[in-house]
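Coordinate analysis (summary)
The primary structure of each chain is shown beneath.
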Amino acid sequence: MNKIAYFECPTGIAGDMCLGALVHAGVPLEYLIEKLHLLGISTEYQLRTELVHRNTQQATKFHVDLIADLPKKAQNLAADSTLDPSETESPTFDRTHHHHHHGDEHSHHHNAGEAETSHTPHRNLPEIERIILCAQLPARVEAWSLAVFRKLAEAEGAVHGIGPEEVYFHEVGATDALVDIIGTCLGLDWLDIDECYFSAMPTGGGTVKAAHGILAVPTPAVMRLWEMHQVPVYSNGIDRELCTPTGTAIACTLASGFGPPPSMQIQAIGLGAGSRMLAIPNILRLWIGEKATPPYPPQGGKVAGEKATPPYPPQGGKVAGEKATPPYPPQGGKVAGENSTPPYPPQGGKIRGGEGETAINSQLPMPDARCPMPDSLETIMVLETQIDDLSPQAIAYVFDALFVCGALDVFTQPIVMKKSRLGVLLTVICHPEHQAACETTIFRETTTLGIRRSTQQRTILHREIQKVQTKYGPVHIKVAKSGEMITNVQPEYEDCAEIARLNNISWREVHRLALQSWYEG
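In short, a report on the structure. The shown structure was predicted, so the numbers you read here are calculated from the model rather than taken from an experiment.

Along the backbone of the chain there are 16 helices and 21 strands. Counting only residues that meet the buried cut, the chain has 55% of its 521 residues in that class.

Rendered as structure tokens:
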């Protein structure tokens, strides 16, 4: 199996957050110090880590202390301690040969006079490539590092209309970028990672001080990298610079894909902290594990040739060894209004309309589960709006339109609004990357003038879709698991409905036959 790394970036990505997550996952700091010493620039910086808390969660903060900044940092320690690396990193590009007033990714600030007295030389792309090639780094680390720096230089050059070789990295940015990029590549190589995957990226907002003045967030280089690699992005409502050019270049160069986590068996988790306390934990989460194909054996986890018999039946069904004909769950196992369209792959574990489902009170052990899969915690957006002047027919159409553009669940509640008007509260649950599309649909299809949004987290069970054969045809079965236990088994509504219509039999009978086939299979 391939060993893979998944970078979950709910509050963005920066080089120091990547390094913090790698050290938290087990990469020795001493190894990074030893290998980075080969670059010949160790007199320019000091490395250290510390355990910190972000919204009560513990994570590793990675510090790159620049030697030139230590006296100034000691004079203004209180101010520095409040700064966020992802908020203050400027683009590392400097087209001129003058020293500019701006911060870097690690929150080191210069005023105009101090910047003019810095004696660290500028480094252009050929100089940085020479440093990497002369360092005798591991082969993969050398190749990855060269590729990341070239990608960063291409993006910065495209923004300013010059070639990558003409890009000069600011003296502070160059040192930090060398440590962050090469250190991250060293950590991934030490962990023997074969493939890297990254979540969708939050856009952030506001402005940031840079070498060329005040820039809007996301910064131009980050935008260009996202454009070049078609990176899925979304707004999490936090107006800070969340994705830095260095972190974004690492992601765009090393990523085998962007989106939800691939099917994998998790072996370790690394937590890399940012500096600021945000509305949600300012932590980059690094998932490390083996790529699973599939994570569980097919057909409900049975060993080949073995007949699976549950040790005890759901809701008073038959005892072990007897033919199981479980009772019908209410409303076919779905909460009213839930939308389900089979089949959905197990990867990512997302089933449309899965926010509320009726669970059969059973826990069936997995006979041959290779490793327990913990329940998954994911970030979701909740969109709400109140409507009192729209036809019920239009509301029904809005449901379908929202599911098409990526909503996980949509529901309404009757409410009494101002002036005692009867109305509905429309609620949409979606992943952050689908927030903009869902909001556009709500504004287009309803009469509302505003939408409230909130970022929440939810725990979901791991799910997979299996197929069973009935005498009337195939039916897809949704199987939900918590660790090694099967907690819910439900035939897909649309499959049962189609078979019922085609054969002029009741939906309940098709549902019963599908469950019976699964339990007997």
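We are not done yet, so read on.
Of note, the bond from Val217 into Pro218 is cis; its omega dihedral lies within 30 degrees of zero at 0°. One can find Pro218 in the loop between strand 9 (213-216) and helix 10 (220-229). Positive phi outside glycine occurs at Asn55, with the angle close to 55°. The topology assignment puts Asn55 in the loop between strand 2 (45-54) and strand 3 (57-66). Of note in the backbone geometry, Lys419 takes a positive phi value of approximately 60° without being a glycine. As for its placement among the helices and strands, Lys419 is situated in the loop between strand 16 (407-416) and strand 17 (422-430).

A few words on the nonpolar core. In this structure, Phe7, Ile13, Phe149, Phe169, Ile182 and Met201 are the most contacted members of the largest nonpolar core, which totals 67 residues. For this core, the leading source of residues is helix 9 (residues 171-190), giving nine residues. Counting residues in hydrophobic clusters, the runner-up holds 17 residues, among them Met381, Leu383, Cys430 and Cys438.

A few words on the pattern of salt bridges. Per the stated rule, a full pass over the model turns up 16 salt bridges. Between Lys61 and Asp16 there is a salt bridge, and its shortest N-O distance comes to 3.1 Å. Note that Lys61 is positioned in strand 3 and Asp16 in helix 1 (residues 15-24), a separation of 45 residues in sequence. Pair check on accessibility: Lys61 and Asp16 agree, each one buried. Two residues, Arg444 and Glu445, come together in a salt bridge whose shortest N-O distance is 2.9 Å. Linked by salt bridges that have partners in common, Glu129, Arg150 and Glu165 make up one network.

Note that strand 2 and strand 3 share 10 bridges and pair antiparallel. By the bridge assignment for strand 3, Val52 is matched with Ala59. Between strand 2 and strand 3, which pair antiparallel and follow one another directly, the connecting turn spans two residues, one of which, Asn55, has a positive phi of 55°.

Enumeration over the complete set of coordinates arrives at one cavity of 30 Å³ or more. The space that makes up the largest cavity amounts to roughly 120 Å³. Of all the elements in the fold, those that place two or more residues in the lining of the largest cavity are strand 13 (283-291) and strand 15 (376-387). Partitioning the lining of the largest cavity into residue classes produces five nonpolar, three polar and two charged.

Turning next to helix 11 (residues 245-254). Residues lying three or four places apart along an α-helix face the same way, a consequence of the helix completing one turn every 3.6 residues. Burial runs high along helix 11: nine of the 10 residues are buried. Looking at helix 11, one finds that the buried residues are Pro245, Thr246, Gly247, Thr248, Ala249, Ile250, Ala251, Cys252 and Leu254.

Attention now goes to the environment of Glu44. Structurally, the position occupied by Glu44 is in the loop between helix 2 (29-36) and strand 2. For the pair formed by Glu44 and Thr175, sequence separation is 131 residues and the distance between their alpha carbons is 7.4 Å.

The interhelical angle for the contact between helix 7 (residues 125-134) and helix 8 (residues 139-160), taken along N-to-C directions, is 170°, at an axis separation of 10 Å. Accordingly, the angle class assigned to the pair helix 7 and helix 8 is roughly antiparallel. The residues of helix 8 that touch helix 7, namely those facing Leu125, Ile128, Glu129, Ile132 and Leu133, are Glu142, Ser145, Leu146, Phe149, Arg150 and Ala153.

Between helix 15 (residues 493-503) and helix 16 (residues 507-520), whose axes approach to 8 Å, the crossing angle comes to 125°. Between helix 15 and helix 16, the angle is such that the two are oblique. Helix 16 is crossed by helix 15, and the crossing has right-handed handedness. Of helix 16, the residues touching helix 15 (which contributes Tyr493, Cys496, Ala497, Ile499 and Ala500) are Trp507, Val510 and His511. When grouped by side-chain class, the residues that make up the contact of helix 15 with helix 16 number seven nonpolar, one polar and no charged.

Criteria and cut-off values
- Residues numbered from 1 in each chain as written.
- Predicted model: local features only at pLDDT ≥ 70, side-chain atom pairs only at ≥ 80, totals over all residues.
- Heavy atoms only, no water.
- Helix = DSSP H or I, 4+ residues; strand = E, 2+ residues; numbered from the N terminus.
- Buried < 20%, exposed > 50% of the residue type's maximum accessible area, 1.4 Å probe, protein only.
- Core = buried A, V, L, I, M, F, W, Y, C linked by side-chain atoms within 4.5 Å.
- Salt bridge = Lys/Arg side-chain N within 4 Å of Asp/Glu carboxyl O.
- Pairing = 2+ DSSP bridges.
- 1 Å grid on protein atoms, 1.4 Å probe; cavity = no way out; pocket = protein on both sides within 12 Å on 5 of 7 lines; lining within 4 Å.
- Points joined across faces, edges and corners; volume = space filled by probe spheres on them.
- Nonpolar A, V, L, I, M, F, W, Y, C, P; charged D, E, K, R; others polar.
- Axes fitted to C-alpha atoms, helices over the stretch in contact; angles between N-to-C directions.
- Parallel < 35°, antiparallel > 145°, perpendicular 65-115°, else oblique.
- Contact = heavy atoms within 4.5 Å.
- Left-handed = near helix turned anticlockwise from the far one by under 90°.

Interpretation in functional terms is not warranted from these geometric data alone.
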